[in-house]
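An overview of the molecular structure
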Amino acid sequence: MMRLRAPSALLLVVQLALAALLVEQPPALLVLAVLAGLYWVGGPARRHAGWVVAALLLATWSICITQGLFYQGWPRTPALTLLPAAWFPLGDGGLVLYREGLWHGLVQSLRLDVMVLLGAGLLGRYAADELTAALAVLRLPRVLGFLVAVVLRYLPLMLGELRTIWTAQRMRGLRLGGSPWWFAPWGLARAGRALLVPLLVGTIRRADEIATALHSRGFSVEAVPRESQAAPTVQERLLVMGGWLLLLLLAVAYLLTRLHLAGVYSLPRLQPLYAWVVAYG
């Protein structure tokens, strides 16, 4: 399989992410999630597969729970009553998880899953230097390129520190699977506090050290030379242009359908397009 250069791969990933933000129907989001998953699985480096899966599960779980608790659409069917109305008078019949809200959250979580899988696949295929050079080739602002470069260079260090914190907390007795209620909000909150608080403290300390070191050396983003990288091939340019064209056509189709549904503008000849967008988009 042809390995795309970093600028072309970055643009294609951005196109898929924009498509995930644009579509609404579950089948279309599922197709994009499957494509993003295949892109991640096909990568050469999967050392942090456990953390990627954990991020996917945590994102899906949190979105489903929040949507299930605060779903405002109708109809809504109670799936589980966490607190009765006598204990939680603020809600409609107590603190309730609604079945429609859980399904809505599951569908919406596919968007975030697409982003996570695309990012993991991109980081697994390209080194930080390649992605930084790709930002320069795409003529993005130097400040943005510098910030992305710092994040990319320190992301493996943060993952290693998180693994160290996890090992230390397990040695102190932290267990996720030791109770049948470990997946409950209080169990995950306890585990998250034990892992994220030390990680956040260490990250803030490291960011302060980096800022102090850059300031003491008189660092200026504008003085950083742009890294060079080979220009994309003709095939890559055609692939990226085709992706932008498909994304533009999809956006136009969504706009025309929205105008049709709102009664603002409609053409009889476009009825099949409207039906397709409503059913599959």
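Structural data are supplied above this passage.
Below you will find a few notes about this structure. For clarity, every value in this text was computed on a predicted model and none was experimentally measured.

Within the chain, the regular secondary structure consists of nine helices and two strands. The secondary structure elements of the chain, listed N-terminal to C-terminal, are α-α-α-β-β-α-α-α-α-α-α. Scored against the burial criterion, the 281 residues of the chain give a buried share of 31%. Excluding contacts between residues fewer than 6 apart, the proportion of contacts in the chain whose partners are at least 24 apart in sequence is 72%. Here the chain displays about 17,600 Å² of accessible surface, and carbon together with sulfur accounts for 70% of that area.

In total, this model carries zero aromatic pairs according to the counting rule given. One Lys or Arg, Arg76, reaches over the ring of Trp74 and ends 4.7 Å from the middle of that ring. Cation over ring: Arg76 sits above Tyr98, and NZ or CZ is 4.7 Å from the ring centre.

Bringing the packing of helix H1 (residues 6–22) against helix H8 (residues 234–261) into the picture now. Where H1 contacts H8, the axes come no closer than 10 Å and their chain directions differ by 15°. In this view, H1 runs roughly parallel relative to H8, as classed from their interaxial angle. Crossing handedness for the pair H1 and H8: left-handed. Contacts between H1 and H8 involve Ser8, Leu11, Leu12, Val14, Gln15, Leu18, Ala19 and Leu22 on the former and, on the latter, Glu236, Leu239, Val240, Gly243, Trp244, Leu247, Leu250, Ala251 and Tyr254. Here the residues of the contact of H1 with H8 sort into 13 nonpolar, three polar and one charged.

All right, on to the layout of surface pockets then. In this structure, the second largest pocket occupies an estimated 850 Å³ of space. Within the residue set of the lining of the second largest pocket, elements represented by two or more residues are H1, helix H2 (26–41), helix H4 (99–125), H8 and helix H9 (271–280). With seven residues, the top contributor of residues to the lining of the second largest pocket is H8. Its residues assigned to classes, the lining of the second largest pocket comprises 25 nonpolar, four polar and two charged.

This part takes up the nonpolar core. With 35 residues, the main nonpolar core has Val23, Val114, Leu122 and Tyr126 as its most contacted residues. Taken together, the elements giving at least two residues each to this core come down to H1, H2, helix H3 (49–70), H4, helix H5 (128–137) and H8.

Our focus in this paragraph is H3. Here H3 is 22 residues long and its end C-alpha atoms lie 32 Å apart, about the 32 Å a rise of 1.5 Å per residue gives. Of the positions making up H3, those classed as buried are Val52, Leu56, Ala59, Thr60, Ile63, Cys64, Gly68 and Leu69.

To continue, consider H5. Across the ten residues of H5, seven count as buried, placing the element largely inside the fold. Within the span of H5, buried status applies to Ala128, Leu131, Thr132, Ala133, Ala134, Leu135 and Ala136. Downstream of H5 by a residue or two, Arg139 has a phi angle that is positive, lying close to 65°.

With that settled, the discussion passes to the pairing of strand S2 (residues 95–98). The side-chain alternation of S2 yields two buried faces, one formed by Leu95 and Leu97 and the other by Val96 and Tyr98. Pairing analysis gives four bridges linking strand S1 (residues 78–83) to S2, with the strands arranged antiparallel. Bridge pairing in S2 links Pro78 to Tyr98.

This paragraph deals with the pattern of salt bridges. What the rule picks out here adds up to two salt bridges. Glu24 is the salt-bridge partner of Arg258, the closest N and O atoms lying 2.3 Å from each other. Of this pair, Arg258 sits in helix H8 while Glu24 sits in the loop between H1 and H2, placing them 234 residues apart in sequence. We classify Arg258 as partly exposed; its relative accessible area is 42%. The class of Glu24 is partly exposed, set by a relative accessible area of 37%.

At the junction of Trp74 and Pro75, the peptide bond is cis and its omega measures out at -5° in the coordinates. Among the structural elements, Pro75 can be located in the loop between H3 and S1.

Criteria and thresholds
Residues numbered from 1 in each chain as written. Predicted model: local features only at pLDDT ≥ 70, side-chain atom pairs only at ≥ 80, totals over all residues. Heavy atoms only, no water. Helix = DSSP H or I, 4+ residues; strand = E, 2+ residues; numbered from the N terminus. Buried < 20%, exposed > 50% of the residue type's maximum accessible area, 1.4 Å probe, protein only. Contact = heavy atoms within 4.5 Å. Areas by Shrake-Rupley, 256 points an atom, 1.4 Å probe, with all protein chains shown as cover. Phe/Tyr/Trp six-rings, centres within 6.5 Å; stacked < 30°, edge-to-face > 60°. Lys NZ or Arg CZ within 6 Å of the ring centre and 35° of its normal. Axes fitted to C-alpha atoms, helices over the stretch in contact; angles between N-to-C directions. Parallel < 35°, antiparallel > 145°, perpendicular 65-115°, else oblique. Left-handed = near helix turned anticlockwise from the far one by under 90°. Nonpolar A, V, L, I, M, F, W, Y, C, P; charged D, E, K, R; others polar. 1 Å grid on protein atoms, 1.4 Å probe; cavity = no way out; pocket = protein on both sides within 12 Å on 5 of 7 lines; lining within 4 Å. Points joined across faces, edges and corners; volume = space filled by probe spheres on them. Core = buried A, V, L, I, M, F, W, Y, C linked by side-chain atoms within 4.5 Å. Expected span 1.5 Å × (residues − 1). Pairing = 2+ DSSP bridges. Salt bridge = Lys/Arg side-chain N within 4 Å of Asp/Glu carboxyl O.

Purely geometric stuff here, so don't read any function into it on its own.
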